[in-house]
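Listed below are the residues making up each chain.
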Amino acid sequence: MTLKQTFKTGVCLTALLSGQAALADVTAVDVWENWKSNLDLYGEAGVTIGSEDIGDGTVTVTDLGLSMDDGDTAVTANMGNITFTENGDGTVAITMSENYPITISSSDGSTADMSVTHSGLSMSASGEPEAISYALSADKYSFQVDNITENGQTIDADVLFAANDVTGNYVVTTGDVRNMAYAMTMGSVDILVDVKDPDSDGTVLISGKINGLFVDANVDLPEGMTFDDPDNLDLTGFAISADYGLADGSYIFDITDQEDAIAGSASTGAAEVAVTFDDKNLSYNVLTRDIAVDTVLPNVPIPGMELPLAVSLSEYGVGLEMPLSKTEEPADFAFGINLTDLTINDEIWGMGDPAGALPRDPATIKLDLAGTAKLFFDIMDPAQADAMAMADVPGELHSLSLNELLVSAVGAKLDGSGAFTFDNDDLTTIPDFPRPEGSVTLNLAGANKLIDTLIQMGLLPEDQAMGARMMMGMFARTTGDDQLSSTVEVNAQGHVIANGQRIR
C-alpha cells in the first residue's frame, strides 16, 4: 500500500470520527447546529437529512445519511434517527438508533453490506460553543459484515468486530482551527472472520480477542476543510497526533483451499503505536512485545507430510520519521527496526542443520538510522508526487548517523555506529554523489567459528572461506579471541581509510 493510499484511508476514518466527535453544546438546537457544521467535512453532496423536528428542548433528526466516494471506493451510511434532549442542567443527552447500515462498494462492482450495532450506549454533551465536551459509554459497540457480493456471486461471510465496555471523553475547541482531543478505552474487542469462497470451497476462519485497547488523540481541522475529495485534499493547517495500544491479544486461525490447509494460533503482549502527521512531517513508531505464532505447514518437506512451525519474538518495532513537504533547510529523518530474540522451533532448524552444529540462540536484528535531508517536493500534493516519481533524485542527503547496528545470530555478532555528513556542492570527488565525510566503526565477534562450522556442514567451500578471512584480515584488527574491529573513515579529500590504511 502506498503512502497516498494509506493516508486516504486515514482521512476517511478521521472524517467519520470527527463527524461524531463534536456532539456537544448547551441546548439541543445548538448541539444539532454544531453537528451539522462538522458534517460539512463530507462536502455538500456527502450529507442527506430526511427531516428535522425541533420541539421544546429537543431536536429529532431522521434518516441522516453520510457518503464518501474517491472514484475507486464508495462508502455510504444511514445513521437513522438521532435525538438531542436537554436535561435541564446545561447538558444534552444524545440518543442514536441501536443499529444502522453501511455499504462499501468498489468500482469493479463488488459490495459489502455492514451494520453497526450498539447496546447500553450513553452519550451526554456539556460546555459552551468555544469549548464543548462530552462523555460516552457503551456495553458493546460492534461492526458486522452482513453480505458480500463479488462478480455477481454472494459470498458466505460472517465478519464481526465487537468492542466491549467502551468509555470515552471528548473535548472540542472551535475557532479558525477546530481541535478535537479525545481518549477512549475498550475493555476488550472480539474478532471473528469466517468467509467461504464459493468457487473453490476454501474457507478463512480467524477468531481473536484483544484486551485493554486504548486510543488518545488530538486532531486539528482548519475551517472549511472537507474530505469529499481525498485525492486533492488541502492539508494546510491539518494535524493529528495519536497513541493507541493494547494490553495483549490472542488469535486462532484455520485456512483451507482445495489442496492445502493451515491452522494455528498467535498471541501478542503489550503493543503501542504513536503517530504524528501534518502537512509537513510524518512520524510513526510501533512496538509490540511477546509475539508468538504456532502452526503446522502442510506438505512440507514433501507432499503428505506436515512440519510444525513455532516462531516467537520478545520485541518487534518499526520507526519512521520524514518530511512531507518541500524544505528550504535540511530536515530531520529517521528509520529504525527492532527484531529482538527471534526464535524458531527445532524442527525448522533441523531442515538445514540436522546435526545441530549451529548455535540456536535467539537472533536479534536492530537498526537505528537518523539524519537530515532536503526534500524537493510536497509529497501530499498529487501533481508534485507524480513529478517526484519521475525525478532523478527527490532531494539532498546532508547527514546520516548510524546510531545502532546489531545483528546477532548463529553464534556471531555484528555491531556498529558512526556518522557522516555530505557535501552536495561536490559531486565530482565521487561522481554524481555528494562527497561524504565521517567514520563508522564495526565490531564482529564469532565470525571465524561460524566459518569453520559452515565448512564442516559443507555449506561453505574452503576457497571462499579463505577469501573471506583474507578480507577480514585486511580491513579489521583483532581485539580479542575471535573478535575483530574496523573503523572506516572518509576524509575531506574523499580518501577512504580503514584502520589507518588508505584503500581509496
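Calculation criteria
- Residues numbered from 1 in each chain as written.
- Predicted model: local features only at pLDDT ≥ 70, side-chain atom pairs only at ≥ 80, totals over all residues.
- Heavy atoms only, no water.
- Salt bridge = Lys/Arg side-chain N within 4 Å of Asp/Glu carboxyl O.
- Core = buried A, V, L, I, M, F, W, Y, C linked by side-chain atoms within 4.5 Å.
- Buried < 20%, exposed > 50% of the residue type's maximum accessible area, 1.4 Å probe, protein only.
- Helix = DSSP H or I, 4+ residues; strand = E, 2+ residues; numbered from the N terminus.
- Patch = residues over 30% accessible without salt bridge, like charges linked within 9 Å, V, L, I, M, F, W, Y side chains within 5 Å.
- Areas by Shrake-Rupley, 256 points an atom, 1.4 Å probe, with all protein chains shown as cover.
- Phe/Tyr/Trp six-rings, centres within 6.5 Å; stacked < 30°, edge-to-face > 60°.
- pLDDT = per-residue confidence, 0-100.
- Contact = heavy atoms within 4.5 Å.
- Lys, Arg positive; Asp, Glu negative; His and termini not counted.
- Charge placed at Lys NZ, Arg CZ, Asp CG, Glu CD.

**With respect to the pattern of salt bridges**
All told, the structure shown has twelve salt bridges when counted by the stated rule. We note a salt bridge from Lys280 to Asp279, for which the minimum N-O separation is 3.6 Å. It is possible to trace a salt-bridge network through shared partners that takes in Asp423, Asp426, Arg435 and Glu437.

**Let's talk about the nonpolar core**
Membership of the largest hydrophobic core comes to 63 residues, with the highest contact counts inside it found for Trp35, Phe84, Val166, Leu221, Phe227 and Phe238. Considering every element that reaches this core, the biggest residue donor is strand β13 (residues 177-196), with seven residues. Ala447, Ile451, Ile455 and Leu460 belong to the second largest nonpolar core, which has eight residues in total.

**Some words on a nonpolar patch on the surface**
The grouping of Val204, Ile206 and Ile255 at the surface amounts to a nonpolar patch, some 180 Å² of accessible area in total. Position of Ile255 relative to the elements: it lies in strand β16 (residues 248-256).

**Examining the packing of aromatic side chains**
For the structure shown, the criterion picks out seven aromatic pairs. Between the aromatic rings of Trp32 and Trp35, the centroid separation amounts to 5.9 Å while the plane-to-plane angle is 85°, which identifies the pairing as edge-to-face. With a gap of three residues between them, Trp32 and Trp35 both fall in helix α2 (residues 28-39), about one helical turn apart. Looking at Trp32, the relative accessible area reads 1%, which means it is buried. On the basis of relative accessibility, which here comes to 1%, the residue Trp35 falls in the buried class. The interplanar angle of 20° and the centroid separation of 5.4 Å between the aromatic rings of Tyr170 and Tyr182 together place this pair among those described as stacked. Taken together, the residues Tyr170 in strand β12 (residues 153-173) and Tyr182 in strand β13 connect sequence positions twelve residues apart. This pair shows no difference in class: Tyr170 is buried, exactly as Tyr182 is. Members of the aromatic cluster, joined through ring pairs, are Trp32, Trp35 and Phe84.

**Considering the confidence of the model for the protein**
Summing up the model confidence of the protein, the mean pLDDT is 88 and the portion of residues at 70 or higher is 94%. Across the protein, the element-wise mean pLDDT spans from 44 in helix α1 (residues 3-21) up to 98 in strand β21 (residues 331-344). Under a pLDDT of 50 for its full length, residues 1-25 has, in the predicted model, 71 contacts with residues more than four places off or in other chains.

**Digging into a negative patch on the surface**
Residues Asp108, Glu150, Asp197, Asp199 and Asp201 make up a contiguous surface patch of negative charge. As for its position among the elements, Asp199 is in the loop between β13 and β14 (203-222). Residue class for Asp199 comes out exposed when judged on its relative accessible area of 57%.

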